[in-house]
Amino acid sequence: ILVPAALEKQITLENVSRVKAKIIAEAANGPVADEADAALRARGVLILPDVYLNAGGVTVSYFEWLKNLSHVRFGRMQKRYEQESRVRLLRAVEQLTNTRFSAEDLRSFTRGADEEDYVNSGLEETMAKAYHEIRATREAHGQEIDLRTAGMTVAINKVARSYEELGIFP
């Protein structure tokens, strides 16, 4: 796996023959020049496009924006409830088994998710769902399109659907 992560157009037609990776994960914006992209795909190299890989930062920024709008930390409403539910469950296990959990085990088992846990969980769910949508779109086209084109197709379809729902686009 090759992860070009600094500058755009670093993999070009002049140096593409030296790329031995089976997967390229574009962490930079546009690190693979168009001609090199075509050459790599012709060799069967899977390119995870920058538009997908960089979406994680945008997603987390969106979560932060939502949090700022509501003025409430993620998980604040349910953390204590979840912890108390776990304590009750462990106390029931103790009664049924006639054993006691140590204070450290109780803290460890009942620790509720913190804000970072919620953000990471939301990010993982968002990115996994997005990848599955992109892959399904690619497969629907008989894998004749690349993941970049499939990703753009998914995005355009979402915008079109939003416009239709708003009555902007017939």
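Residues numbered from 1 in each chain as written. Predicted model: local features only at pLDDT ≥ 70, side-chain atom pairs only at ≥ 80, totals over all residues. Heavy atoms only, no water.

Caption draft 1: Looking closely at the pattern of salt bridges. What the rule picks out here adds up to 15 salt bridges. Of the charged contacts in the structure, one is a salt bridge between R41 and D146, with a shortest N-O distance of 3.2 Å. Here D146 lies in the loop between helix 6 (115–140) and helix 7 (147–166) and R41 lies in helix 1 (residues 34–42), a separation of 105 residues in the sequence. On the basis of relative accessibility, which here comes to 38%, the residue R41 falls in the partly exposed class. When its relative accessible area of 11% is taken as the criterion, D146 is described as buried. The partner of R91 in a salt bridge is E94, and the shortest N-O contact between them spans 2.8 Å. In this pair, R91 and E94 both sit in helix 4 (residues 79–97), 3 residues apart, roughly one turn of the helix. (Salt bridge = Lys/Arg side-chain N within 4 Å of Asp/Glu carboxyl O. Helix = DSSP H or I, 4+ residues; strand = E, 2+ residues; numbered from the N terminus. Buried < 20%, exposed > 50% of the residue type's maximum accessible area, 1.4 Å probe, protein only.)

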